[in-house]
Amino acid sequence: EAQVTQNPRYLITVTGKKLTVTCSQNMNHEYMSWYRQDPGLGLRQIYYSMNVEVTDKGDVPEGYKVSRKEKRNFPLILESPSPNQTSLYFCASRLGASGANVLTFGAGSRLTVL
Amino acid sequence: SQQGEEDPQALSIQEGENATMNCSYKTSINNLQWYRQNSGRGLVHLILIRSNEREKHSGRLRVTLDTSKKSSSLLITASRAADTASYFCATPLYNQGGKLIFGQGTELSVKP
């Protein structure tokens, strides 16, 4: 089944404890992206990647890192999480960089930073 | 500010009724996309309409696009309780890697 898989789905952590949210897609998509969703603020893009070893900042990149060493994986790294990073995170992918392609989303990762 | 803004923010209807959601956007687009999100879950693509199209159908969904008014609408006919979800419009930016800008969404509640 074509899908985007995120892990973990739920995580409670403490301020400053590094964590990684993994994202993997099995559709050979070139483009991958991370979003966070917060009440009243909608979906905001954190980082995106047009292809392997090509990443760029989205609208809210502060406090996050990403890497794209392989086409299928696009992990989101929080080096030193803070409470304002408590949010619902989504990884998404699409065939190419063109906006004519639609996004396939993962099921989401709900992160709480205490 | 958001490229896409939706109206209404929330809509409550009875099963069998039609639901209409509207989306307005600011800049020129080459397509507009609608997504659905069940509570706390990932978004699922519903339909894409290109800028040279005025109307598109998919099952019980009907999407219209008026580029002169920079607006789109999503109509769900004969709604079901299972249609209860949030619905988002999204438009890609020409630059920034075709980044999709999402509206705030319309929260639809269909009561049985």
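This text follows the structure it describes.
Residues numbered from 1 in each chain as written. Chains lettered and ligands numbered in written order. Predicted model: local features only at pLDDT ≥ 70, side-chain atom pairs only at ≥ 80, totals over all residues. Heavy atoms only, no water.

Considerations on the overall build of chain B
Next, step 1: When you go through chain B residue by residue, the secondary structure sums to 0 helices and 11 strands.
Next, step 2: Traced from its N-terminal end to its C-terminal end, chain B shows the element sequence β-β-β-β-β-β-β-β-β-β-β.
Next, step 3: If you line up chain B on its principal axes, its C-alpha atoms span 45 × 30 × 20 Å.
Next, step 4: Classification of the 112 residues of chain B by burial places 47% in the buried group.
Next, step 5: Taking as baseline every contact in chain B between residues at least 6 positions apart, the subset at least 24 positions apart corresponds to 54%.
Next, step 6: Between the averaged position of the 13 positive side-chain charges in chain B and that of its 10 negative side-chain charges there is a distance of 6 Å. (Helix = DSSP H or I, 4+ residues; strand = E, 2+ residues; numbered from the N terminus. Buried < 20%, exposed > 50% of the residue type's maximum accessible area, 1.4 Å probe, protein only. Contact = heavy atoms within 4.5 Å. Lys, Arg positive; Asp, Glu negative; His and termini not counted. Charge placed at Lys NZ, Arg CZ, Asp CG, Glu CD.)

Side note on the interface of chain B and chain A
Next, step 1: In this complex, chain B contributes 20 residues to the contact, which on the side of chain A involves 25 residues.
Next, step 2: Interface area for chain B against chain A, summed over the two sides, is near 1,700 Å², with a carbon-plus-sulfur share of 50%.
Next, step 3: At the boundary of chain B and chain A, one finds 1 salt bridge.
Next, step 4: Of the charged contacts, one joins Asp59(A) and Lys99(B) as a salt bridge, the two residues approaching to 2.6 Å between their closest N and O atoms.
Next, step 5: Between chain B and chain A we count 4 residue pairs in polar contact (both at pLDDT 80 or more) in total.
Next, step 6: Breaking the side of chain B that touches chain A down by element, the ones donating at least two residues are β4 (31-37), β5 (43-50), β9 (85-92) and β10 (100-102) of chain B.
Next, step 7: Broken down by element, the residue count for the side of chain B that touches chain A peaks at 4 residues, all from β4(B).
Next, step 8: Among the residues making up the side of chain B that touches chain A, the classes are represented as 7 nonpolar, 11 polar and 2 charged. (Buried area = accessible area lost by both parts, 1.4 Å probe. Salt bridge = Lys/Arg side-chain N within 4 Å of Asp/Glu carboxyl O. Polar contact = N/O pair within 3.5 Å; in protein donor to acceptor, adjacent residues only side chain to side chain. Nonpolar A, V, L, I, M, F, W, Y, C, P; charged D, E, K, R; others polar.)

Notes on the environment of Leu78(A)
Residue and element names in this part refer to chain A.
Next, step 1: One can find Leu 78 in strand β8 (residues 76-78).
Next, step 2: Sequence separation between Leu 78 and Thr 20 is 58 residues, and the spatial gap between their C-alpha atoms is 6.2 Å.
Next, step 3: Leave out the neighbours within four places in its chain, and Leu 78 touches Lys 18, Leu 19, Gly 63, Tyr 64, Gln 85, Tyr 89 and Leu 111.

Some details on the state of the cysteines
Next, step 1: Counted according to the given criterion, the structure contains 2 disulfides over all chains.
Next, step 2: With its sulfur 1.9 Å from that of its partner, Cys23(A) forms a disulfide with Cys91(A). As the torsion about the S-S bond is roughly -75°, the Cys23(A)-Cys91(A) disulfide counts as left-handed. Here Cys23(A), found in strand β3 (residues 19-25), pairs with Cys91(A), found in strand β9 (residues 87-94); they are 68 residues apart in sequence, far enough to count as distant. Note on accessibility: Cys23(A) and Cys91(A) belong to one class, buried.
Next, step 3: Put simply, Cys23(B) and Cys89(B) are joined by a disulfide, and their sulfur atoms are 2.0 Å apart. The sign of the S-S torsion, about 70°, decides the handedness of the disulfide formed by Cys23(B) and Cys89(B): right-handed. Of this pair, Cys23(B) sits in strand β3 (residues 19-25) while Cys89(B) sits in strand β9; the two residues are 66 residues apart in sequence, bridging distant segments of the chain.
Next, step 4: Given the relative accessible area of 1%, Cys23(B) is considered buried. (Disulfide = S-S within 2.5 Å.)

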